[in-house]
Amino acid sequence: MAVGSIARRYAKALLEIGVQQQTYDALGKELERLADTLRQSPELRTALENPVFPIEKRKLILDDLARRLALSKTVRNFVMLLADKGRISALPDIARVHRTLIDEHAGRVRAVVTSARPLDPMLESRLKTALEKQSGKTVLLEKREDPTIVGGLVTQVGDTVYDGSVRTQLQQMREQLLSE
Amino acid sequence: MSLRRLLGAFAVAATLLVAAPLFVATPLFAQENPVAHEQKEGSKSAEGGGYGAGPDVNEGEAQGIVNWWSWDYGPNAKDPTHKNLPPPFGFALINFGIFLAIMSRLAWKPLKQFIRERHDSIAKNLHEAARLRSEAEAALGTYQTKILGLDAEIDTLLVQIRKEAETEKARIIAAAEADAARLRLEAERQIAAEIERARRELRRGVIEAAVGAADETLKKNIAADDQRKMAERYVGDVEARAKTGRPS
């Protein structure tokens, strides 16, 4: 079975539990914290994914990690289930899909705006408002800086990109001149 | 001619050769032969006896054939005077005559046939040789005639060869001109293609350089105010889209 499909099934199950308990945002944050920890420690990830180590030992490590990260009982049980099923390696994907499902459930959408220099707060606010008006959802705006775009802004909302960068305009001009 | 007939003919001829001295020898011995006589005299004095070596023999030789029909001859003869006589020559002649008659009956026709065929063969060969000679003479006449007309023929051939050479020369020149035209056209096409390719490369290089230079210039020269204006314009566009509800 594809990793994306597996991740979606587990993420959806966790979301349903969180909706029932009205704690889906908190569960999502806990899951992301755990996924970040695994991402930052390759040794820990290897120890948890390697079948050479007995499952009991791996579960002990996970339990200890859950206590240190102060994870709820729901998330702790969820990762133990993943360990039993041998799906710990899918945890980062599950966290990503879970976040998307939470946003969809809460009527939110995440947007990334990239600028060559720090964006003026007033412009950021106007952009957020415009994007919310266009998407009909609450926009969670994430700001990034990338000097290679030279100037202008690039906004990505879901799979949609609004590219107003100078770099892209130069590329378009180059392609147009070459095609003539 | 069969081999058997040939052998018969050969036997007849051999018989004739063998029998001929019988007819000839005796008279010859009867005639004066000083050398033979002297030899016989010598042998008589040395050996002192034998067939034809005694006085009777010399006498007989002088008299011709001495024994025609008598079978009483040789060392066991009853009559002592016949001890030196040769076998009877008359019976030998009769014997030979019978042999000759038998041989002529058996070998005459094959011999005749052989001679006729040999004659025909030789005649045929002579006829063939005459025919070949006639043909050779005719061919010789033809060649002599040709040789006589050879100069004219050579002149005709030279004219023809020159004409063909001119035609071939014209054909080769035309083909070469066509090839040259084709090569020229191909070269022109390749040159045009190369020029176009170079022009495109140059254009690409110029565009790349121009875009690169523009990129560098903008990076160096875009001020904070320019950045803010561009961001405002961008946000304005997004707001306009949001108002019109136009999809992205």
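Refer to the structure presented above.
Caption draft 1: Looking closely at the overall build of chain A. Summing up its helical and strand segments, chain A has eight helices and four strands in all. Ordered by position from N to C terminus, the α and β elements of chain A give α-α-α-α-α-α-β-α-β-β-β-α. Within chain A, the proportion of its 180 residues that are buried is 29%. Relative to all contacts within chain A whose residues are 6 or more apart in sequence, the contacts with residues 24 or more apart total 67%.

Caption draft 2: Focus on the interface of chain B and chain A. Taken residue by residue, the interface counts 23 residues in chain B and 25 residues in chain A. Looking at which element gives the most residues to the side of chain B that touches chain A, the answer is helix H6 (residues 224–244) of chain B, with 14 residues. Here the residues of the side of chain B that touches chain A sort into 12 nonpolar, two polar and nine charged.

Caption draft 3: Molecular detail of the sheet that holds strand S1 (residues 108–115) of chain A. Residues and elements named next belong to chain A. Taken in spatial order, the four strands make up an open sheet running S2-S1-S3-S4, and their pairing is mixed. The sheet is open, and its two edges are formed by strand S2 (138–145) and strand S4 (160–163), each paired on a single side. Strand-to-strand twist across the sheet, computed as the mean angle between neighbouring axes with direction ignored, equals 20°. Across the sheet, helix H7 (residues 121–135) is in contact with S1, S2 and strand S3 (153–157); its angle to S2 comes to roughly 135°.

Caption draft 4: Looking closely at the nonpolar core. Residue and element names in this part refer to chain A. With 25 residues, the main nonpolar core has Ala11, Val79 and Ile94 as its most contacted residues. A total of six residues in this core trace back to one element, the largest contributor, which is helix H6 (residues 91–106). Core analysis: the next-biggest nonpolar cluster, separate from the first, contains 16 residues, Val113, Leu127, Val139 and Tyr162 among them.

Caption draft 5: Quick look at the pairing of S1 of chain A. All names here are of chain A. Relative to S2, S1 runs parallel, the two being bridged by eight bridges. Residue Ser115 lies in a different strand from S2, and its bridge partner there is Glu145. Where the polypeptide runs from S1 across H7 and back to S2, its parallel neighbour, the crossover connection is right-handed. Where S1 lies against S3, five bridges are found, and the strand directions are antiparallel. Counterpart to Val112 in the pairing with S3 is Gln156.

Calculation criteria
- Numbering of residues starts from 1 in every chain and runs along the sequence as written.
- Note on labels: chains are lettered from A, ligands numbered from 1, in written order.
- pLDDT decides what is reported in this predicted model: residues at 70 or higher carry local features, side-chain atom pairs at 80 or more are listed and counted, and totals for whole chains, interfaces and linings draw on all residues regardless.
- Labels follow the DSSP assignment, with helices taken as runs of H or I lasting at least four residues and strands as runs of E lasting at least two, numbered in each case from the N terminus.
- The exposure scheme places C-beta atoms from the backbone and then counts, for each residue, the other C-beta atoms within 10 Å of its own, assigning buried at 20 or more, exposed at 12 or fewer, and partly exposed in between.
- The contact criterion used is a C-beta to C-beta distance within 7 Å, with each C-beta placed from the backbone.
- Under the scheme applied here, ten amino acids are nonpolar (Ala, Val, Leu, Ile, Met, Phe, Trp, Tyr, Cys and Pro), four are charged (Asp, Glu, Lys and Arg), and all others, including Gly, are polar.
- A pair of strands is considered paired only if DSSP assigns at least 2 bridges between the two.
- Axis lines are fitted to C-alpha atoms, over the contacting stretch for helices. Their N-to-C directions set the angle, which ranges from 0 to 180 degrees.
- Structurally, a nonpolar core is described as a collection of buried Ala, Val, Leu, Ile, Met, Phe, Trp, Tyr and Cys residues joined by way of C-beta atoms within 7 Å.
- We call a crossover right-handed when, viewed with both strands directed away from the observer, the connection leading from the first strand over the helix to the second proceeds clockwise.

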